[in-house]
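One letter stands for each residue in the lines below.
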Amino acid sequence: MAGELCVLCYRIARLMKAIRQQLESAWYLFEKSRSHLAGKNLDEVQIEVYDLAFSLAELKAANVMLEYAGIDCGAQEKSFKESVAFLHVAETIANLHTRLRLRPSAYGLVASDFEPDHLELLDQIQSSESLQSLGQRFRSEGGGFPPDHLDEEKGLMRRTFRKFADEEVAPLAEQIHREDQTIPDSIIKGVRELGCFGLSVPQRYGGLNPDERDDSLGMVVVTEELSRASLGAAGSLITRPEIMSRAILEGGSDSQKIKWLPKIAKGEPLVAISVTEPGTGSDVASVSLKATKVKGGWLLNGGKTWCTFAGKAGAILVLARTEPEVRPLHRGLSLFVVEKPSNDGHEFLFKSPGGGVVSGKAISTLGYRGMHSFEMFYEDFFVPDANLIGEENGRGNGFYYTMRGFSGGRLQTSARAAGVMQAAFEAALRYAEDRHVFGRSVASYPLTLQKIAKMGTSITVVRQAGYHVAGLMDEGDGQLEASLLKLYACRMAEWVTREALQIHGGMGYAEESPVSRYFVDARVLSIFEGAEETLALRVVGKALLDGTY
Ligand SMILES: Cc1cc2nc3c(=O)[nH]c(=O)nc-3n(C[C@H](O)[C@H](O)[C@H](O)COP(=O)(O)OP(=O)(O)OC[C@H]3O[C@@H](n4cnc5c(N)ncnc54)[C@H](O)[C@@H]3O)c2cc1C
């Protein structure tokens, strides 16, 4: 028995060594392709850069997964982790080769760069037997996953929020989605009581974030659990306070911090973020909502759109143009807090006590229901000087404060993706076990087992990479990694929910199956918080071309 164990250990050690070597070769190939593009005009190599951005996301995640696989734990759990990590690395290598082989000369590559010495390894890891065995592993754990290696405190956090989400959110999630309701107060009250709105607010301002160092991991764990129950009715509630509190911490005056941060932490008022306009979304620097200086404040005039939760919110962070003459354009923007009464309806109109009106109307959407995203119009709407973030010093700095606000949003969106994927995975596994076709359960077929193996792997990768990026961000780093992770996670969420729906057959397409909600909810993730193309090209692509990735 001991001898057999030794042979097994030896085989795994050899496999690990081979995997590491192949991953190194993949990095080499990636770097060779990237350096061929270095210094080129981004718009002329968009197609190549876009593909490389996804490969970089997968490669970075592959490094994380090998580190994760190496963390000590029981033998059974370790082998589970290794299988998952090896599968991700194999897929990463295969994907890289597929992308580069599409147009080798565009990357300065020749046939000999694609030495097929990785094929044997891929054959081994992606063999039908290996995939089925990994699928069985996820299946036999009843949908369990390899260890997350969270510490006691974060583990408790996960269990607490899972209980809340299972008991308070999940039972209402379907109704909210199908009837396009506004999130009920029972959920908001619970989220308030658990302190969620203060996850990004430092303790000295009444939040849960330690004063000495950010705790992004806590935010990731909580977001995933709430999103598992519902993306629209719970998982996204923390996003807005997160963006607003980071922006105020970055640019707010002392009195603004003292006034707003404790309120944001309490969730009173609820808040919203308004950057996008009918004429501009990805190109934030081009925002044109006009803010004109008048005595004691500013008049806002113009349209905004897609302002999520604008109805329920009592305070909206609005990006507006205060300096129309200033170039470059992003230096002419400032951030305001617009105060208004909270409203449960799909439409509202509010007259500012200082004059002017703001109106809002909810946009009908495929999914992501519960908060509603509003198109809005400001007409001579008065905002006092005190509500200009940074006051006089904040003029022209709104773009920077907004970007600071968004910095944690990408990581958070990956955690939202993880939660939706997890829910879809669990639903698919349950259905596949119960449903019998041609005399056996759907779950027992090799093709389904492969799907289960790959879905479970993608979720584990997004989860572990999320924990890793959270650590980087808490050290003041990890901005690019957060963008890469968001790219990967949102794509995976689309694929995992697609497969989960497919496993349900016709029932997956029925509104009464929650999996249809997961599918439409997942689709929004690669649009907001940095649309996929904008992230891949303008954020990651820029770093690829100038070599700062
Ligand atoms: C459900 C939902 C909720 C939202 N909530 C909010 C919110 O609360 N607050 C807020 O301010 N906004 C919000 N948004 C808006 C969101 O941030 C924008 O939709 C997003 O930034 C994209 O902007 P856009 O829709 O104007 O698309 P555009 O900028 O018009 O882009 C159109 C397409 O072109 C692609 N593209 C962009 N640049 C390039 C390029 N250089 N090369 C090639 N292709 C490119 C984009 O990726 C996209 O696919 C929300 C959106 C949705 C759908």
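Preceding this paragraph is the structure being described.
Predicted model only: the values in this text are computed from it and were never measured. (Residues numbered from 1 in each chain as written. Predicted model: local features only at pLDDT ≥ 70, side-chain atom pairs only at ≥ 80, totals over all residues. Heavy atoms only, no water.)

Draft legend 1. Structural detail: helix α16 (residues 514-524). Counting buried positions over the 11 residues of α16 gives 8, a clear majority of the element. Every buried residue of α16 is listed here: Val515, Ser516, Arg517, Tyr518, Val520, Asp521, Ala522 and Val524. Among the structural elements, α6 (152-178), α8 (216-229), α9 (231-235), α13 (409-434) and α15 (479-503) are those in contact with the buried residues of α16. (Buried < 20%, exposed > 50% of the residue type's maximum accessible area, 1.4 Å probe, protein only. Helix = DSSP H or I, 4+ residues; strand = E, 2+ residues; numbered from the N terminus. Contact = heavy atoms within 4.5 Å.)

Draft legend 2. Layout of the site of the ligand. Around the ligand, the surrounding shell holds 20 residues, and the nearest of these are Thr276, Ser282, Trp306, Thr308 and Glu533. One of the side-chain N or O atoms of glutamine 46 is found 3.0 Å from a nitrogen atom in the ligand. Threonine 308 places a polar side-chain atom, nitrogen or oxygen, 2.7 Å from a nitrogen atom of the ligand. Protein chains bury 68% of the 970 Å² of accessible surface belonging to the ligand in isolation. Considered class by class, the residues forming the shell around the ligand number 10 nonpolar, 8 polar and 2 charged. (Near = heavy atom within 4 Å. Polar contact = N/O pair within 3.5 Å; in protein donor to acceptor, adjacent residues only side chain to side chain. Areas by Shrake-Rupley, 256 points an atom, 1.4 Å probe, with all protein chains shown as cover. Nonpolar A, V, L, I, M, F, W, Y, C, P; charged D, E, K, R; others polar.)

Draft legend 3. Looking closely at the pairing of strand β3 (residues 297-308). Summarising the sheet, strand β2 (residues 290-294) and β3 pair through 5 bridges and their orientation is antiparallel. Bridging across to β3, lysine 293 finds its partner in tryptophan 298. Where β2 folds back onto β3 in an antiparallel hairpin, the turn is made up of 2 residues, including glycine 296, whose phi is positive at roughly 80°. (Pairing = 2+ DSSP bridges.)

Draft legend 4. Fine view of the side chain of lysine 257. When you line up the elements, lysine 257 lands in helix α11 (residues 254-266). No salt bridge is formed by the buried lysine 257. Its closest oppositely charged neighbour is aspartate 254, at 4.4 Å. Lysine 257 has contacts with Tyr205, Ile248, Leu249, Gly252 and Pro262, leaving out every residue within four places of it along the chain. (Lys, Arg positive; Asp, Glu negative; His and termini not counted. Salt bridge = Lys/Arg side-chain N within 4 Å of Asp/Glu carboxyl O.)

Draft legend 5. Representation of the pattern of salt bridges within the structure. Taken as a whole and judged by the stated rule, the model has 41 salt bridges. Of the charged contacts in the structure, one is a salt bridge between glutamate 277 and lysine 304, with a shortest N-O distance of 3.1 Å. Of this pair, glutamate 277 sits in the loop between β1 (271-274) and β2 while lysine 304 sits in strand β3, and the two are 27 residues apart along the sequence. For the pair glutamate 277 and lysine 304, one class covers both residues: buried. Between glutamate 494 and arginine 523 there is a salt bridge, with the nearest N and O atoms lying 3.2 Å from each other. Within this pair, whereas glutamate 494 is found in helix α15, its partner arginine 523 is found in helix α16, the two being separated by 29 residues in sequence. Taken together, the salt bridges that share partners define one network made up of Asp148, Arg158, Arg162, Glu224, Glu225 and Arg463.

Draft legend 6. Structural context of unusual backbone geometry. That bond from glutamate 268 to proline 269 is cis: its omega, 5°, falls within 30 degrees of zero. Residue glutamate 391 is not a glycine yet carries a positive backbone phi of 50°. Position of glutamate 391 among the secondary structure elements: in the loop between β8 (373-384) and α12 (398-406). In this structure, glutamate 529 is a non-glycine residue whose phi angle is positive, near 55°.

Draft legend 7. Region of interest: the environment of aspartate 123. Along the chain, the position of aspartate 123 falls in helix α4 (residues 119-125). In the structure, aspartate 123 is positioned 283 residues away from phenylalanine 406 in sequence and 41 Å away in space, judged by C-alpha atoms.

Draft legend 8. Region of interest: the packing of aromatic side chains. Scanning all chains against the criterion turns up 13 aromatic pairs. Each ring, one from phenylalanine 138 and one from phenylalanine 425, has its centre 5.9 Å from the other, and the planes form 70°; the classification is edge-to-face. On the criterion of sequence distance, the pair formed by phenylalanine 138 in helix α5 (residues 128-140) and phenylalanine 425 in helix α13 is long-range, its members being 287 residues apart. Overall, phenylalanine 425 belongs to the buried group, its relative accessible area being 1%. Taken together, a centroid distance of 6.1 Å and an interplanar angle of 55° make the contact between phenylalanine 350 and phenylalanine 381 tilted. Of the two residues, phenylalanine 350 sits in strand β6 (residues 347-351) while phenylalanine 381 sits in strand β8, which places them 31 residues apart along the sequence. Neither residue differs from the other here; phenylalanine 350 and phenylalanine 381 are each classed as buried. Three or more aromatic residues joined by ring pairs make a cluster, and in this case those are Phe80, Phe138, Phe145 and Phe425. (Phe/Tyr/Trp six-rings, centres within 6.5 Å; stacked < 30°, edge-to-face > 60°.)

Draft legend 9. Focus on the side chain of serine 55. Within the secondary structure, serine 55 sits in helix α2 (residues 46-70). Classification of serine 55 by relative accessible area gives buried; the value is 2%.

Draft legend 10. α11, seen in detail. Helix length check: α11 (13 residues) gives 19 Å between terminal C-alpha atoms against 18 Å at 1.5 Å per residue, within 8%. Among all positions in α11, only Gln256, Lys257, Trp260, Leu261, Ile264 and Ala265 are buried. Its buried side turned inward, α11 meets α10 (239-251), β1, β4 (315-321) and β5 (333-339). Positioned one or two residues after α11, glycine 267 has a phi angle of 75°, which is positive. (Expected span 1.5 Å × (residues − 1).)

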